Amino acid sequence: MDPRDTAPDSWEQEDEAAADGRLEAAFTALNVNAKPFVPNVNAAEFVPPAAVGAETLEPAAPVENGDAEMTAEEPWDQKDEEPTQEEPGGGDRGPEEAATPEDTPPEMMMEEEEEVLVPKVPAVQPDAPKKEHINVVFIGHVDAGKSTIGGQIMYLTGMVDKRTLEKYEREAKEKNRETWYLSWALDTNQEERDKGKTVEVGRAYFETDKKHFTILDAPGHKSFVPNMIGGASQADLAVLVISARKGEFETGFEKGGQTREHAMLAKTAGVKHLIVLVNKMDDPTVGWSLERYEECKEKLVPFLKKVGFNPKKDIHFMPCSGLTGANLKEPTDLCPWYTCLPFIPHLDSLPNFNRSSDGPVRLPIVDKYKDMGTVVLGKLESGSISKAQQLVMMPNRHVVEVLSLLSDDVETEDAGPGENLKLRLKGIEEEEILPGFILCTSDSLCHSGRTFDAQIVIIEHKSIICPGYNAVLHIHTCIEEVQITALICLVDKKTGDKSKTRPRFVKQDQVCIARLRTAGTICLETFKDFPQMGRFTLRDEGKTIAIGKVLKLVAERD
């Protein structure tokens with residue numbers, strides 16, 4: 001009876017006892033749960049890294065036998081060697097500077113357990129609010145290296161630690177995508193990783209001595225331009241990434257390439273300062289050559305000038321390599337001809353943005369989800385918000401209360417303009433909110449309506465545009481169908497004079513004032529009162545057709 005009673009308690013022990021050749025009587029005497037349990041837990045802690053490596057490598061074994069065996073057998077040597085070869089930009093970053101929670105995919109949660117716990121309490125919390133918040137959007141053609149540069153910056157500033165990157169590198173190697181591992185810090189979902197293309201605007205943040213930056217990693221593919229516009233509308237500063245590799249710069253810059261369209265959309269979204277990163281300078285076809293750098297520069301400057309950037313004040317060019325991290329944080333010996341500051345120190349040295357915290361509260365909503373209540377995301381354009389404050393959600397006029405405030409995933413009591421916020425709201429359901437709605441205070445509601453007059457510049461359209469033309473309107477974070485109901489007058493580009501007669505149509509490169517009517521009610525302000533919410537783009541058939549600014553809101557006729 002005794003042995004039978006004890007067997008179900010802990011059958012593992014019986015196995016051990018049998019293996020050791022102990023008597024059953026001695027076995028019952030030694031029935032202490034703690035003793036066998038502790039080694040088991042230790043095994044579960046320390047074995048999986050090797051075991052996981054072995055399991056994941058089995059299917060890949062036929063492809064690259066030697067490598068696979070080595071990674072399974074010698075994970076520690078490999079860990080010592082790899083960083084020195086692959087990441088010359090790396091400093092002496094220890095595991096204590098852990099990854100951000102969103103970088104760690106759930107399947108590796110066990111292995112990464114110690115790391116994930118650290119970042120929830122950022123080290124520099126006491127003085128965090130004092131730093132100026134700046135939102136940087138990375139734009140440019142597909143495969144110019146936007147996500148890779150973002151990942152490299154996060155590594156260099158200690159937001160992603162070495163261990164997580166090594167894990168990404170292992171996984172990327174298994175998929176024969178070795179050079180993609182840095183971009184995985186920002187491209188977190190499976191689809192983006194498999195295709196190597198960013199789809200949604202990736203978010204991450206890093207800090208320098210003086211400022212707190214939010215990285216918005218915009219997609220470069222032309223199918224996802226609407227997502228990119230949403231990202232650019234939250235940005236204060238744009239980084240246009242272009243590839244110096246032979247052929248890649250040309251395809252990005254020609255008609256139909258995203259380099260032109262993104263630069264134009266960034267300007268329309270209200271980005272004042274543009275940094276042009278000439279990436280892939282380490283490529284064998286380039287070899288850090290000054291001629292290639294100058295060639296890219298010469299082609300870009302006239303276009304950026306045409307879009308509206310001032311080459312002397314608003315644009316700064318710099319060479320870099322996203323994969324090796326050269327010239328991102330430290331100057332590199334490879335290009336002695338570049339004498340200005342590297343990328344991160346340059347960002348730190350930029351003058352402060354003037355933002356008024358006493359203006360009316362305006363928070364365009366970028367995204368919303370359910371999480372113990374209704375959570376909305378957005379960038380506070382003006383005014384300041386505090387916990388327990390009563391706000392109004394326009395255009396539906398829902399009165400809501402702020403339950404909690406997160407600024408870049410750190411909980412705060414109040415927030416000022418320019419910060420990227422997550423708000424948990426009370427008094428509204430998640431289904432009742434759409435991206436493009438605006439949070440404001442009841443004493444200064446933002447304007448909403450369907451009809452407005454605007455000045456439009458036609459940028460690219462094959463045929464003529466007449467009244468009755470339909471397009472998609474992108475204004476701040478809102479996307480809505482719109483119809484040009486009437487053309488009021490043409491505007492002379494040079495003198496600004498308005499034509500006396502009504503035009504019957506407008507064509508490419510003309511400027512006109514038109515009346516537009518949206519399919520549903522949207523929130524908007526005139527450009528004069530509130531530039532961030534008064535500038536828009538019109539898109540049709542996957543192309544940006546026109547950019548414009550709201551001149552006057554027209555009251556609805558009942």
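Asks: Tell me about the packing of aromatic side chains, and please be specific about residues and values.
Replies: Counted under the stated rule, the structure contains six aromatic pairs. Relative to Phe 343, the ring of Phe 138 lies with its centre 6.3 Å away and its plane at 65°, an arrangement referred to as edge-to-face. Taken together, the positions of Phe 138 in strand β1 (residues 132-139) and Phe 343 in helix α16 (residues 343-349) put the pair 205 residues apart, joining distant regions of the chain. An aromatic cluster of three or more residues is present, and its members are Phe 249, Phe 253 and Phe 303. Directly above the aromatic system of Phe 303 lies the positively charged group of Arg 260, at a separation of 5.0 Å from the ring centroid. Here the guanidinium or amino end of Lys 267 rests over the ring plane of Phe 309, the centre of that ring lying 4.9 Å away.

Asks: Can you explain the nonpolar core? Please cite residues and give values.
Replies: Judged by nonpolar contacts, the single largest core of 77 residues is most densely connected at Phe 138, Ile 153, Leu 240, Val 276, Leu 300, Leu 304 and Phe 343. Apart from the residues within four sequence positions on either side, Val 276 is in contact with Leu 240, Ile 242, Leu 300, Leu 304, Ile 315, His 316, Phe 317 and Met 318. The next biggest cluster of nonpolar side chains, apart from the first, holds 24 residues, and it includes Phe 452, Ile 458, Cys 478 and Leu 516.

Asks: Help me get a handle on the packing of helix α12 (residues 225-232) against helix α14 (residues 258-268), residues and values and all.
Replies: Axis separation between α12 and α14 bottoms out at 10 Å; the angle between their running directions is 35°. Crossing of α12 against α14: the hand is right-handed. For the pair α12 and α14, contact is made by Val 225, Met 228 and Ile 229 and by Gln 258, Glu 261, His 262 and Leu 265, respectively. Tallied by class, residues from the contact of α12 with α14 come to four nonpolar, two polar and one charged.

Asks: So what's going on with the pattern of salt bridges? Which residues, and what values?
Replies: In this structure the tally under the stated criterion is 18 salt bridges. The shortest N-O distance in the salt bridge between Glu 250 and Arg 292 comes to 3.1 Å. Here Arg 292 lies in helix α15 (residues 290-307) and Glu 250 lies in helix α13 (residues 248-253), a separation of 42 residues in the sequence. Residue Glu 250 is classed as partly exposed on the basis of its relative accessible area of 21%.

Asks: Go over the sheet that holds strand β21 (residues 543-554) with me, naming the residues and quoting the values.
Replies: On the basis of which strands lie adjacent, the closed barrel formed by six strands has the order β16-β19-β18-β17-β20-β21 and antiparallel pairing. Looking at each pair of strands side by side, their axes are set apart by 45° on average, direction ignored. Relative to β21, strand β20 (residues 535-540) runs antiparallel, the two sharing six bridges. Paired with Thr 537 across the bridge in β21 is Ile 547. Lying over the sheet, α12 contacts β17 (469-475), β18 (478-491) and β20, oriented at roughly 175° with respect to β20.

Asks: Describe in detail helix α10 (residues 162-174), supporting the description with residues and values.
Replies: The terminal C-alpha atoms of α10, which comprises 13 residues, lie 18 Å apart, in line with the 18 Å expected from a rise of 1.5 Å per residue. Of all the positions in α10, only Thr 164, Leu 165, Glu 166, Lys 167, Tyr 168, Glu 169, Glu 171 and Ala 172 are classed as buried. The positive-phi residue at the C-terminal boundary of α10 is Asn 176, with phi of around 55°.

Asks: So what's going on with the packing of α14 against α15? Which residues, and what values?
Replies: When two helices pack together, their arrangement is given by the angle between their axes and by how far apart the axes lie. At a minimum axis separation of 9 Å, α14 and α15 run at an interaxial angle of 35°. Handedness of the α14/α15 crossing: right-handed. Across the interface between the two elements, Thr 259, Arg 260, Ala 263, Met 264 and Lys 267 from α14 touch Leu 300, Phe 303, Leu 304 and Val 307 from α15.

Asks: Report on helix α9 (residues 146-156), specifying residues and quantitative values.
Replies: Counting buried residues along α9, eleven of its eleven residues qualify, which places the element largely inside the surrounding structure. Among all positions in α9, only Lys 146, Ser 147, Thr 148, Ile 149, Gly 150, Gly 151, Gln 152, Ile 153, Met 154, Tyr 155 and Leu 156 are buried. One or two steps after α9, the chain reaches Gly 158, where phi turns positive at roughly 80°.

Calculation rules
Residues numbered from 1 in each chain as written. Predicted model: local features only at pLDDT ≥ 70, side-chain atom pairs only at ≥ 80, totals over all residues. Heavy atoms only, no water. Phe/Tyr/Trp six-rings, centres within 6.5 Å; stacked < 30°, edge-to-face > 60°. Helix = DSSP H or I, 4+ residues; strand = E, 2+ residues; numbered from the N terminus. Lys NZ or Arg CZ within 6 Å of the ring centre and 35° of its normal. Core = buried A, V, L, I, M, F, W, Y, C linked by side-chain atoms within 4.5 Å. Buried < 20%, exposed > 50% of the residue type's maximum accessible area, 1.4 Å probe, protein only. Contact = heavy atoms within 4.5 Å. Axes fitted to C-alpha atoms, helices over the stretch in contact; angles between N-to-C directions. Left-handed = near helix turned anticlockwise from the far one by under 90°. Nonpolar A, V, L, I, M, F, W, Y, C, P; charged D, E, K, R; others polar. Salt bridge = Lys/Arg side-chain N within 4 Å of Asp/Glu carboxyl O. Pairing = 2+ DSSP bridges. Expected span 1.5 Å × (residues − 1).

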